[in-house]
Amino acid sequence: MEETAAVERTAPDAGYVPKWEGRQGLAPEEFLSSDLDAPDMSEMWESPLTLWNAKNIDIRSAQEEAKRAIMKTPDIPFLPATQKKEFPMEVRASAKENAMGVQYFVQNKDKIRKDLLNNGGIWFRGFDLMKSIKGYREFWDALGFQPCLDPLHSSGLRKFASERDALYEEVNKPSLRGHYIGLHNESTAKRTPAYAAFVCFQRATEEKEPRGRFIVADGAAILADIDPAVLRRLYERQIRISVSNLDIPPSFPEPVKEGLKWLVDKAVAPKFDMDLEMIYESDGKPGRLQAVECAESPINRHPVTGLPIWFNNSHNHARKLRDRRPCGVPEVGMTEVFYADTMEPLSLEDCLEVKRVSEKNIAALAMEPGDVILLDNYRASHGRDVFGGDRYHAVTWFTWDQNPQWRGDERRILEKNALNQAINQMMDWLPKDFESKQS
């Protein structure tokens, strides 16, 4: 285990920080109102299985391809591209478009879907339609999306804002408002939704920055910009992510420790619908039992376009990065990223390069009531900055609506719901100003 000392926690950077505009939303009793005449979506699709296409990737070629994908087409044909595309693509409502309501999205469905595939993310700004659950659902329904479960439905970090509308509350919990959520695809090695639509109903009431800015980044841009030596090392060695810690007294006899390991592996881990291995002391702490995902590539090819993309959650999960920024997660929920070949935590050097390239490409969005950020969940990663006061953002995840084979036939696994509710209640009991004591 590396020697560690207390380090100063500093707020992460961002490459694009747009200004707040002060648009007003609806009262909670209005924006939380559901259309009871609309079909009940509670029995939504299960989150689809992760589509991996990561073998035999040439690092140099992959970075060159990613760089071409993020550049604007020159105004003059045959001249080299010199400017990056904006990310996310911004679509701002005019008075005429606002007056159209849901018909704007009905009429522009094909273009919006094409732009999403080509750009990875679209930020809809100033649309009144999406200021309520009812209008937000009309928005994504008009675009032809089919909702699915969050892949971590039972994690306790997600609960429904409106179950019948397939709408999850984003991480607004008071106990986690001081926790910076790093960039991640909503993905495990096993399951990954195809798309997501994040909506703001109420921005953080405390006006002090960063005010819960929603952060996004283009996985193609990160891949293009990362140090090739670091990328090659991570790709060749692969990574594994631990998702929880259970500290067992080191003095316990080995048979007792192995019995606890067996119990967690057989009784608890399957409820999270992840491929996990229970390993003792991976991070060097005596007695610590960690739940570790299987080895995975940090690069993937997009299922539809084939574009190589940065597709991993190391910016969010690396302990060396969490310990250097605002973090309010209990130790049981602290994560780590390992080199898969040796199960050693990522070096500080590699973590800092992941931090640099990720935060260079972060757009820290000032989402106002009614704003929606529509994301391709393979190409784009997301997160959230800290906030004070109250904040209400929400999200719906979507499966593959144009490919039944990728979508699969699984509907909601109801057995996961009891654990989801129990953990959510436990998280809600935490004091509002809870902070991790880890350094």
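Please read these numbers as outputs of a predicted model, since none were measured by experiment.

A. Molecular detail of the nonpolar core. Core analysis: the biggest nonpolar cluster contains 73 residues, and F105, F124, M130, Y136, F139 and F201 have the highest contact counts within it. In contact with F124, not counting residues within four places along its chain, are V91, F105, I112, M130, F139, G370, D371, V372 and L374. Core analysis: the next-biggest nonpolar cluster, separate from the first, contains 22 residues, M44, L149, L365 and W397 among them.

B. Structural view of the packing of helix α8 (residues 228–237) against helix α12 (residues 348–360). Across the interface, α8 lies against α12 with an axial gap of 10 Å and an inter-helix angle of 115°. By the angle between their directions, the pair α8 and α12 is classed as roughly perpendicular. Handedness of the α8/α12 crossing: left-handed. When α8 is examined against α12, the residues V230, R233 and L234 are found in contact with a partner set consisting of E349, D350, E353 and V354. Considered class by class, the residues forming the contact of α8 with α12 number 3 nonpolar, no polar and 4 charged.

C. Expanded view of the packing of aromatic side chains. Here the structure, examined in full by the defined rule, presents 23 aromatic pairs. Look at Y104 and F127: their rings are 5.3 Å apart centre to centre, the planes differ by 40°, and that puts the pair in the tilted class. Residue Y104 is found in helix α4 (residues 103–107), and its partner F127 is found in the loop between β2 (121–125) and α6 (133–142); the two are separated by 23 residues along the sequence. The burial state of Y104 is the same as that of F127; both residues are buried. Where F124 meets F139, the ring centres are 5.5 Å apart and the plane angle is 70°; that geometry is what we call edge-to-face. Residue F124 is located in strand β2, and its partner F139 is located in helix α6; the two are separated by 15 residues in the primary sequence.

D. Seen up close, the state of the cysteines. For the structure on display, the rule yields 0 disulfides. Residue C327 stays outside any disulfide, its sulfur separated by 14 Å from that of C351, the closest cysteine. By relative accessible area, C327 is classed as buried at 7%.

E. The sheet that holds strand β10 (residues 276–280), seen in detail. Here we have 4 strands laid out as an open sheet, ordered β10-β11-β9-β14, and antiparallel in their pairing. Pairing within the sheet leaves two strands with one partner each, and these edge strands are β10 and β14 (336–339). Adjacent strand axes in the sheet meet at a mean angle of 35°, parallel and antiparallel pairs treated alike.

F. Region of the structure containing the pattern of salt bridges. Across all of its chains, the model carries 30 salt bridges by this definition. The closest approach of N and O atoms between R125 and E21, which form a salt bridge, is 3.2 Å. Separated by 104 residues along the polypeptide, R125 in strand β2 and E21 in the segment before α1 (28–31) bring together distant segments of the chain. Classification of E21 by relative accessible area gives partly exposed; the value is 36%. Shared partners join several salt bridges into a network, and the residues in it are E21, R23, E90, R92, R125 and D371.

G. Quick look at the environment of E186. With respect to the helices and strands, the residue E186 is situated in the loop between β6 (181–184) and β7 (195–202). Note on E186: relative accessible area 6%, which makes it buried. In this structure the C-alpha to C-alpha distance between E186 and P151, which are 35 residues apart in sequence, comes to 7.2 Å. Beyond its immediate chain neighbours, meaning those up to four positions away, E186 contacts D150, P151, R158, R191, T192, P193, N377, H382 and W397. Here the side chain of E186 touches H184 through a polar contact of 3.2 Å, side chain to side chain.

Definitions and limits used
- Residues numbered from 1 in each chain as written.
- Predicted model: local features only at pLDDT ≥ 70, side-chain atom pairs only at ≥ 80, totals over all residues.
- Heavy atoms only, no water.
- Core = buried A, V, L, I, M, F, W, Y, C linked by side-chain atoms within 4.5 Å.
- Buried < 20%, exposed > 50% of the residue type's maximum accessible area, 1.4 Å probe, protein only.
- Contact = heavy atoms within 4.5 Å.
- Axes fitted to C-alpha atoms, helices over the stretch in contact; angles between N-to-C directions.
- Helix = DSSP H or I, 4+ residues; strand = E, 2+ residues; numbered from the N terminus.
- Parallel < 35°, antiparallel > 145°, perpendicular 65-115°, else oblique.
- Left-handed = near helix turned anticlockwise from the far one by under 90°.
- Nonpolar A, V, L, I, M, F, W, Y, C, P; charged D, E, K, R; others polar.
- Phe/Tyr/Trp six-rings, centres within 6.5 Å; stacked < 30°, edge-to-face > 60°.
- Disulfide = S-S within 2.5 Å.
- Pairing = 2+ DSSP bridges.
- Salt bridge = Lys/Arg side-chain N within 4 Å of Asp/Glu carboxyl O.
- Polar contact = N/O pair within 3.5 Å; in protein donor to acceptor, adjacent residues only side chain to side chain.

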